[in-house]
Amino acid sequence: MYYHQTQKGDDYSQLKKWVTINILNYSCLPNDRHHNVFRLREDHRNSVEH
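Bear in mind that the values here come from a model prediction, so they are computed numbers and not experimental data.

(A) Representation of the overall build of the protein chain. Of the regular secondary structure elements, the protein chain holds zero helices and two strands. Just so you have it, the protein chain exposes about 5800 Å², and 52% of that area is on carbon and sulfur atoms.

This is the structure:
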């Protein structure tokens, strides 16, 4: 989804928010939760980008 929104050298702030819903017949994460949330995090500042 992000791949088609920008070109090389574009600013990440141009990316649109998106949601994905996966209904699977197997566990793809190492936990038993049915709801998982991920955010883009900057390593050096340890901050979450909104």
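(B) Here's a closer look at the environment of Ser27. Position of Ser27 among the secondary structure elements: in the segment before strand E1 (41-42). From its side chain, Ser27 meets the backbone oxygen of Leu29 in a polar contact 2.8 Å long.

(C) Spotlight on a nonpolar patch on the surface. Side chains of Val19, Ile21 and Ile23 sit close together on the surface and give an oily, nonpolar patch of about 420 Å² of accessible area. Residue position: Ile21 is located in the segment before E1. The exposure class assigned to Ile21 is exposed, which follows from its relative accessible area of 72%.

Cut-offs and rules
Residues numbered from 1 in each chain as written. Predicted model: local features only at pLDDT ≥ 70, side-chain atom pairs only at ≥ 80, totals over all residues. Heavy atoms only, no water. Helix = DSSP H or I, 4+ residues; strand = E, 2+ residues; numbered from the N terminus. Areas by Shrake-Rupley, 256 points an atom, 1.4 Å probe, with all protein chains shown as cover. Polar contact = N/O pair within 3.5 Å; in protein donor to acceptor, adjacent residues only side chain to side chain. Patch = residues over 30% accessible without salt bridge, like charges linked within 9 Å, V, L, I, M, F, W, Y side chains within 5 Å. Salt bridge = Lys/Arg side-chain N within 4 Å of Asp/Glu carboxyl O. Buried < 20%, exposed > 50% of the residue type's maximum accessible area, 1.4 Å probe, protein only.

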